[in-house]
Amino acid sequence: MDQNLSQQKWEAKVSTRLEKARPDQIWPFFEDFFGLHKWFPSLVTCHGIHGANGEPGCFRYCSGFGLKNTNESSSSLSWSKERLVALDRVQMTLTYEMVDCNIGFRSYVSTIKLVPRDGGGVVEWCISLDPVPGWKLQDLVAKYQVGLQLMVEKMESAIFESS
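A quick note: this is a predicted structure, and the numbers were derived from the prediction, not measured.

Would you take a moment to explain the packing of helix 2 (residues 23–31) against helix 3 (residues 137–162) for this structure?
In helix packing, the relevant descriptors are the interaxial angle and the interaxial distance, both defined with respect to the helix axes. Between helix 2 and helix 3, whose axes approach to 10 Å, the crossing angle comes to 115°. In the crossing of helix 2 with helix 3, the sense of the turn from one axis to the other is right-handed. Mapping the contact onto sequence places Gln25, Ile26, Phe29 and Phe30 in helix 2 and Met151, Met155, Glu156, Ala158 and Ile159 in helix 3. Each residue belonging to the contact of helix 2 with helix 3 can be placed in one class, and the counts come to seven nonpolar, one polar and one charged.

What am I meant to see in the nonpolar core here?
Buried together is how nonpolar side chains tend to be arranged in soluble globular proteins. Ranked by size, the top nonpolar core spans 43 residues in total, and within it Ile26, Phe30, Phe105, Tyr108, Trp125 and Met151 carry the most contacts. Contributions of two or more residues to this core are made by strand 1 (10–18), helix 2, strand 2 (43–50), strand 4 (78–88), strand 5 (93–101), strand 6 (109–117), strand 7 (120–129) and helix 3. At seven residues, the largest contribution of residues to this core is made by helix 3. What Met151 contacts, discounting residues up to four positions off in sequence, is Phe30, Leu36, Trp39, Phe40, Pro41 and Trp125.

What's the story with the pairing of strand 7 in this structure? I'm lost.
Two faces, one strand: in a regular strand the side chains alternate between the faces of the sheet. The buried fraction of strand 7 is high, at nine of 10 residues. Across nine bridges, strand 1 lies against strand 7 in antiparallel orientation. Following the sheet pairing, Trp10 is matched in strand 7 by Leu129. Pairing between strand 6 and strand 7: nine bridges, direction antiparallel. Bridge pairing in strand 7 links Val109 to Ser128. Linking two consecutive strands that pair antiparallel, namely strand 6 and strand 7, is a turn of two residues; a positive phi of about 45° is found at Asp118 within it.

How should empty space enclosed by the protein be read in this particular structure?
Empty space among the atoms becomes visible once a probe the size of a water molecule is rolled across them. Tallied over the entire structure, the rule returns one cavity of 30 Å³ or more. Taken as a whole, the largest cavity encloses approximately 90 Å³ of empty space. Every residue lining the largest cavity is counted, 14 residues in all, and those nearest its centre are Phe30, Leu36, Arg60, Leu94 and Ile112. Residue composition of the lining of the largest cavity, grouped by class: 11 nonpolar, one polar and two charged.

Parameters at a glance
All residue numbers refer to positions counted from 1 along the written sequence of the respective chain. Thresholds applied to this predicted model are a pLDDT of at least 70 for local features of residues and 80 or more for the giving and counting of side-chain atom pairs; totals over whole chains, interfaces and linings are not thresholded and use all residues. Only hydrogens and water are set aside; all other atoms, that is, all heavy atoms of the structure, feed into the side-chain values. Axes here mean lines fitted to C-alpha atoms, for a helix over just the part in contact, with angles spanning 0 to 180 degrees between N-to-C directions. Helix and strand definitions follow DSSP, with helices as H or I runs of at least four residues and strands as E runs of at least two, each counted in order from the N terminus. Two helices cross in a left-handed way if the nearer one is turned anticlockwise from the farther one by less than a right angle. They cross in a right-handed way if the turn is clockwise. Here, two residues are considered to be in contact whenever any of their heavy atoms come within 4.5 Å of each other. Three classes are used: nonpolar for Ala, Val, Leu, Ile, Met, Phe, Trp, Tyr, Cys and Pro, charged for Asp, Glu, Lys and Arg, and polar for all others, with Gly counted as polar. Residues enter a nonpolar core if they are buried and are Ala, Val, Leu, Ile, Met, Phe, Trp, Tyr or Cys, with the set joined through side-chain atoms within 4.5 Å. Using a 1.4 Å probe on the protein chains alone, a residue whose accessible area is under 20% of its type maximum counts as buried, one over 50% counts as exposed, and one in between counts as partly exposed. Here a strand pair is declared whenever DSSP counts at least two bridges between the two strands. Cavities and pockets were defined on a 1 Å grid built from protein atoms only: a cavity is a group of points that admits a 1.4 Å probe but offers it no way out, a pocket is an open group of points flanked by protein on both sides within 12 Å along at least five of seven lines, and a lining residue is one with an atom within 4 Å of any such point. Grid points are joined across faces, edges and corners, and a volume is the space filled by probe spheres set on the points.

The structure is reproduced here in structure tokens:
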């Protein structure tokens, strides 16, 4: 393998259509930066550790069992500290970065965007990170795709049940 290719950033985008809700109904769930554990499968906890929830510069701590460093045992808890970089309520976009973790991610930046379409919408999740030793990008993308789908289904169910 070419050494230069192995050093390139991993870039990926996953998306899922909103089936039962509009983007403006789903957006408040994403805007609650400290509340991701309510929606994301396998995330045990997510809470603020610095700053005001939803304000750029705030930090959250997340832990769960969904992503593993290949050097960790299958029963160990994965964790990350993440900083909200930007949040645009009008465009329904947020960007965050992982500043520390035990899952091997380096230079990780993620953007979530809700896109209105044809009376419904799409949730897009873009990620960028340095290659992770022992991982394959397609495996990581598959985990994110499943996670996003399950998260959005749970959010839509919460909206449906509250109406």
